[in-house]
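# Structure at a glance
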Amino acid sequence: MATAVIAQRSSSDLAADVRAGLLRPGQKELPSKYLYDEIGSELFEVISVLPEYGLTRADERLLRRHATDIVPRLEAHVLVAELGSGSGKKTRWLLEALARRQRTTYCPIEISRTALARCESELSQIECISIVGFERPYLDGLLAAAARRDKNEQLLVLFLGSTIGNFDRDAAERFLSEVRRILFPGDALLLGTDLEKPLPQLLAAYDDSIGVTAAFNLNLLARINRELGADFDLEAFQHVARYNPAHRRVEMHLRSTADQTVTIPAAGCIVAFLKDETIWTESSHKYRTSEISEMAGRSGFKCDSQWIDTEWPFAESLLIAE
Ligand code: AVJ
């Protein structure tokens, strides 16, 4: 067991992104990555155990059940890099299966220091696994991790938890192409994607009965208050989860319950809201299994195998770089 963290704090773009997202004409929006500060990351951990939110459990179930099917499909020597490791809990199954074959290096890549620390403490006791964490954006971190591989090592990139669902479909494909450009032919990408499912189940997952998802969403405004000195009245905004059928995605919004203005000193702006106007804070795209292999094909991968959870429709796809 060995642990090291390679940190590189990127200067905060929060103020600039808040300004741009709230002053743009038309639909106001904020980038979903800002949901994950220390509080937001903890709230997401709670979401992942809510009865209504089956996504994380499905992902973990698939990895637990199929780790021993996945590992034999990989080459003998593997360097594992995970994009957005989160708590690292579900990665354990795969790392344990790999460690049974040989000593393996695991590089979690996370912009959240809290999540990275949690992942390292969760996984550092596994024997025969060396952890080298990168506190960086995904592609920067992946480049850095790829630079550490030995010449006979296959790179296995993990992109789990349906984080890909946060990208628009076009952007998702562009992102996969960018990952592909960092890889060599024969390298692998294990991609977790949430699948389409009945609407009531989907909406409940993003609007749970005890309000944890609402708190997770509202924390974004609280964060802007904390970090940028803003005066958002949290009582005057409401969590909304809606399904957009044209794009097959769940969208989270924050709806202003009154005409109001908000001052955000560190972003140098005053923002006017009309009653019922929303800030769009996140999208979670839902996929069809066929769509995943088509998208993989267009971004330079071949879909080697897929494992599907039927209890909560979710897919784990093993993609090989061509
Ligand atoms: C962690 C991005 C997969 O989109 O389902 C959970 C985040 N948002 N509840 C998702 C989330 C609201 C989650 N991902």
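Refer to the structure presented above.
The following refers to the structure shown.

How each quantity is defined
- Residues numbered from 1 in each chain as written.
- Predicted model: local features only at pLDDT ≥ 70, side-chain atom pairs only at ≥ 80, totals over all residues.
- Heavy atoms only, no water.
- Helix = DSSP H or I, 4+ residues; strand = E, 2+ residues; numbered from the N terminus.
- Rg over C-alpha atoms; globule rule 2.2 N^0.38 Å.
- Buried < 20%, exposed > 50% of the residue type's maximum accessible area, 1.4 Å probe, protein only.
- Contact = heavy atoms within 4.5 Å.
- Areas by Shrake-Rupley, 256 points an atom, 1.4 Å probe, with all protein chains shown as cover.
- Lys, Arg positive; Asp, Glu negative; His and termini not counted.
- Charge placed at Lys NZ, Arg CZ, Asp CG, Glu CD.
- Phe/Tyr/Trp six-rings, centres within 6.5 Å; stacked < 30°, edge-to-face > 60°.
- Lys NZ or Arg CZ within 6 Å of the ring centre and 35° of its normal.
- Near = heavy atom within 4 Å.
- Polar contact = N/O pair within 3.5 Å; in protein donor to acceptor, adjacent residues only side chain to side chain.
- Nonpolar A, V, L, I, M, F, W, Y, C, P; charged D, E, K, R; others polar.
- Core = buried A, V, L, I, M, F, W, Y, C linked by side-chain atoms within 4.5 Å.

## Focus on the overall build of the protein chain
Along its length, the protein chain carries 10 helices and 14 strands. Over its C-alpha trace the protein chain gives a radius of gyration of 20 Å, about what one expects of a compact globule, namely 20 Å for 322 residues. Each principal axis of the C-alpha distribution contributes one length, and for the protein chain these read about 60 × 40 × 35 Å. Out of the 322 residues belonging to the protein chain, those deemed buried represent 55%. Restricting the contact set of the protein chain to residue pairs at least 6 apart, pairs at least 24 apart contribute 74%. For the protein chain, the exposed area adds up to about 13,700 Å²; of that, 52% sits on carbon and sulfur atoms. Put simply, the protein chain has 38 plus and 47 minus side-chain charges, and the middle of one group is 3 Å from the middle of the other.

## Section: the packing of aromatic side chains
One pass over the structure, following the stated rule, counts 12 aromatic pairs. Relative to Phe 44, the ring of Tyr 36 has its centre 6.2 Å away and its plane inclined at 70°; by these criteria the two rings are edge-to-face. With relative accessibility at 29%, the residue Tyr 36 sits in the partly exposed group. Assessed through its relative accessible area of 22%, Phe 44 is described here as partly exposed. Each residue in the set Tyr 36, Phe 44, Tyr 53, Tyr 206 and Phe 216 is aromatic and connected to the rest through ring pairs, giving one cluster. The positively charged end of Arg 64 is found above the aromatic ring belonging to Trp 93, 5.9 Å away from the centroid. Just above the ring of Tyr 287 sits the side chain of Arg 169; from NZ or CZ to the centre is 4.8 Å.

## Describing the site of the ligand
Near the ligand you find 13 residues, and of these Tyr 53, Gly 161, Tyr 206, Glu 282 and Ser 284 are the closest. Note that an oxygen atom of the ligand is positioned 2.5 Å from one of the side-chain N or O atoms of Tyr 206. Take Glu 282: an N or O atom from its side chain is 2.6 Å from a nitrogen atom of the ligand. Look at the ligand: alone it shows 350 Å² of surface, and the protein chains cover 96% of it. Contributions of two or more residues to the shell around the ligand are made by helix H9 (212-228) and strand E12 (278-285). Here the residues of the shell around the ligand sort into 7 nonpolar, 5 polar and 1 charged.

## Re the nonpolar core
One finds Leu 156, Leu 190, Phe 232, Phe 237 and Ile 264 to be the most contacted residues of the largest nonpolar core, which totals 66 residues. Ranked by residue count, the leading element in this core is H9, at 7 residues. In this view, Phe 232 contacts Leu 22, Leu 221, Ile 224, Asn 225, Phe 237, Val 262, Ile 264, Phe 273 and Ile 279; residues no more than four positions away in its chain are not counted. The next biggest cluster of nonpolar side chains, apart from the first, holds 32 residues, and it includes Ala 81, Phe 175, Leu 176 and Val 179.

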